[in-house]
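Structural overview for review
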Amino acid sequence: MLSVLRVHLPSDIPIVGCELTPYVLLRRPDKSITNDDIPESAPVDGHFLRYKWYRIQSDKKVAVCSVHPSEQATLQCLGCVKAKIPVAKSYHCSTKCFFDAWQHHRVLHDRAASAVNENGNEEEELFGRFNSTGSGVLNATLSGSASAANLTNGSAPLYPAAVTQRNGGETWFEVGRSKTYTPSADDIGHVLKCECVVVDAETNLPVGHPNTILTSRVIPAPSPTPRRLIPISGADLMGHADSEGRISSSGTFTVLSYNILSDVYATSEAYSYCPSWALSWPYRRQNLLREIVGYRADIVCLQEVQSDHFDEFFAPELDKHGYQALYKRKTNEVYSANTPSIDGCATFFRRDRFSHVKKYEVEFNKAAQSLTEAVVPSAQRKTALNRLVKDNVALIVVLEAKFSNQGADNPGKRQLLCVANTHVNVHQDLKDVKLWQVLTLLKGLEKIAASADIPMLVCGDFNSVPGSAPHSLLAMGKVDPLHPDLVIDPLGILRPHSKLTHQLPLVSAYSSFARHGVGLGLEQQRRRMDPTTNEPLFTDCTRDFIGTLDYIFYTADSLTVESLLELLDEESLRKDTALPSPEWSSDHIALLAEFRCKPRPQRR
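Residues numbered from 1 in each chain as written. Predicted model: local features only at pLDDT ≥ 70, side-chain atom pairs only at ≥ 80, totals over all residues. Heavy atoms only, no water.

Under the counting rule described, the total for this entry stands at 18 salt bridges. Residues Glu-363 and Lys-366 are paired through a salt bridge, measuring 3.7 Å at the closest nitrogen-oxygen approach. Looking at Glu-363, the relative accessible area reads 15%, which means it is buried. Residue classification places Lys-366 among the exposed positions, given a relative accessible area of 51%. Beyond isolated ion pairs, a larger network of salt bridges with shared partners links Lys-328, Lys-359, Glu-361, Glu-363 and Lys-366. (Salt bridge = Lys/Arg side-chain N within 4 Å of Asp/Glu carboxyl O. Buried < 20%, exposed > 50% of the residue type's maximum accessible area, 1.4 Å probe, protein only.)

What follows is about the packing of helix H11 (residues 431–451) against helix H12 (residues 469–476). Interaxial distance between H11 and H12 falls to 8 Å at its minimum, and their mutual angle equals 20°. Taken together, H11 and H12 sit at an angle that is classed as roughly parallel. Contact residues: H11 offers Lys-434, Leu-435, Val-438, Leu-439 and Leu-442, while H12 offers Ala-469, Pro-470, Leu-473 and Leu-474. For the contact of H11 with H12, the per-class residue count stands at eight nonpolar, no polar and one charged. (Axes fitted to C-alpha atoms, helices over the stretch in contact; angles between N-to-C directions. Helix = DSSP H or I, 4+ residues; strand = E, 2+ residues; numbered from the N terminus. Parallel < 35°, antiparallel > 145°, perpendicular 65-115°, else oblique. Contact = heavy atoms within 4.5 Å. Nonpolar A, V, L, I, M, F, W, Y, C, P; charged D, E, K, R; others polar.)

Here the focus is the side chain of His-47. Summarising the element assignment, His-47 is placed in strand S4 (residues 47–58). A distance of 2.8 Å separates a polar atom in the side chain of His-47 from the backbone oxygen of Asp-45. Residue contacts for His-47: discarding those within four places in its chain leaves Met-1, Leu-2, Ile-38, Val-198, Val-199, Asp-200, Ala-201 and Val-207. (Polar contact = N/O pair within 3.5 Å; in protein donor to acceptor, adjacent residues only side chain to side chain.)

The next thing to look at is the state of the cysteines. By the definition in use, this model includes zero disulfides. Cys-196 provides the cysteine sulfur closest to Cys-194, a residue in no disulfide bond, and the two sulfurs are 6.7 Å apart. A residue is classified by how much of its surface remains accessible, and Cys-194, at 1% relative accessible area, is buried. (Disulfide = S-S within 2.5 Å.)

Below, the discussion takes up the layout of surface pockets. For the second largest pocket, the calculated volume is near 530 Å³. Surrounding the second largest pocket, 28 residues form its lining, Tyr-265, Glu-304, His-423, Val-426 and Asn-463 being those nearest its centre. In the lining of the second largest pocket, the residues fall into twelve nonpolar, eight polar and eight charged. (1 Å grid on protein atoms, 1.4 Å probe; cavity = no way out; pocket = protein on both sides within 12 Å on 5 of 7 lines; lining within 4 Å. Points joined across faces, edges and corners; volume = space filled by probe spheres on them.)

Residue Phe-313 marks the point of greatest curvature in helix H8 (residues 307–319), where the axis turns by about 30°; the proline Pro-316 follows within four residues. Turning to H8, its buried residues are Ser-307, His-309, Phe-310, Phe-313, Phe-314, Ala-315, Glu-317 and Leu-318. Those residues of H8 hidden inside the fold are in contact with helix H7 (281–295), strand S15 (299–306), strand S16 (323–329) and strand S17 (343–350). (Bend = angle between axes of the 7 residues up to and from the residue.)

A few words now on the packing of helix H9 (residues 364–375) against H11. Across the interface, H9 lies against H11 with an axial gap of 11 Å and an inter-helix angle of 100°. Classed by the angle they form, the pair H9 and H11 counts as roughly perpendicular. Contact residues: Phe-364, Ala-367, Ala-368 and Leu-371 in H9; Trp-436, Gln-437, Thr-440 and Leu-441 in H11. When its residues are assigned to classes, the contact of H9 with H11 shows six nonpolar, two polar and no charged.

The subject of this paragraph is the pairing of S15. Across the eight residues that make up S15, a large majority, eight, are buried. Summarising the sheet, strand S14 (residues 252–259) and S15 pair through five bridges and their orientation is parallel. Bridge pairing links Ser-257 to Cys-301 in S15. (Pairing = 2+ DSSP bridges.)

Our next topic: the packing of aromatic side chains. Within a pair of aromatic rings, the relevant descriptors are the distance that separates the centres and the angle that separates the planes. Evaluated as defined, the whole model comprises 20 aromatic pairs. Each ring, one from Tyr-54 and one from Trp-172, has its centre 6.1 Å from the other, and the planes form 45°; the classification is tilted. Note that Tyr-54 is positioned in strand S4 and Trp-172 in strand S8 (residues 170–176), a separation of 118 residues in sequence. By relative accessible area, Tyr-54 is classed as buried at 4%. (Phe/Tyr/Trp six-rings, centres within 6.5 Å; stacked < 30°, edge-to-face > 60°.)

Interpretation in functional terms is not warranted from these geometric data alone.
Spelled out as structure tokens, the structure:
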């Protein structure tokens, strides 16, 4: 007979909006062991598995800490209540927790006061871009009224309340009858119970005792303080709200670049400081989606997107928000098998703002094979390929804007845009390979520029710090022949050094913080910039490394920067130790820039 050997949950802590799927180990009638599901529609030997989920609700009111959501709250900031800040953000687990978080927490009070003074709309100021178009279930937990109701157990349940048992001060409510269950806002602070039992298909009666699991208390999904767009001019952002409430200026568009940290790399060994529940993919994918959708960028360039996650999650989810998706997975010649965990670059664009014209795929492995055949003696080609073949790729997309700022004197002119999205090799001892990959990409973009008068954006994780040879090539158009990075060139692929140039007028978008005059918010951002390189102090922050690896470059002769997403500082991350964290689900931070196309003179 079918029997259940073991039932457990991959994560100990359930989070609102993150699907719970129990792992069930079964013994089939033939004594074989399996973890396949046995639904009622496909019984085995006349038996199937039935699941039930319960919420154990105590008469005692429970609130959770806003900083450490796995801890029960013991005190509340009354200033938050007075300022009408969402109740969930007012709870703390200890006085030390409150004092440690005060510098960060105080920002909520300041913003609430500022919002009331300026426009009387506290919630829009507090939640900004994040709260308007969040992803389904998660977004419901972010509003102030919902949080208050949930934490006091005052909201009506979303399901028919079936009281299964009442024991002393506890009541069990049945909340689900499928194998998976997604905690809702009503579950916050409560323990869940999963029940799995073998059922006789003929009699529809349970066989033997049910197997049960009790979770820890359900916690709300942590919500970071939203990052705001900082106008480079120092003036307030001008624009209008579209049908989704998105602020957009005529003729401008926004571009997001973000290394989202592939799940295959998000291990507890690599990021031991991050709670295991916050590293789990069911949690990270929802948190990442909420963040990405919240920015409402017109173009989104993501790196480290696993191929299966692109197909099964990001493409369909972002499609719901009006994005068309393009993807280039890394090549896998060095792999012994085609595994679904290979990541790549994904570019999304809003269908209402752009249409797809053309796509180019750059495979650095193919370029490496051509290079070695052309310049490396045959006896050394195997060694050369071992060094150069690293599976990195770039995705280049040509888009046509559905908006125009060309003016009445130049009607009907197509506004094209070329967007490159790449992830350059990570190994620090392969500086020659990094530089060669960047040069290869730029030479490809030069060919596109030669064939069309088109603005260009080069986005991605270049795994190169400011001042390195790849950064110098991108930002300066050349590399100093005496640059220390050029010492590492065992294959001679960087010689002669005079070839390490390109003609694209590229400028780093975030250098605008350092190059423009004093304005609202700009001084604070300058303190988060390196004055010697005009780049952010960091875009990647782990316990072992903090520095800048990510960039958005643009052609300065055809585009201007209107505004930039504010940078994070180390102080704002202090309570999280490093990235990833419960609030931010990647070890990188997102970069976002708003651009305006410069009117191009008509060719005569």
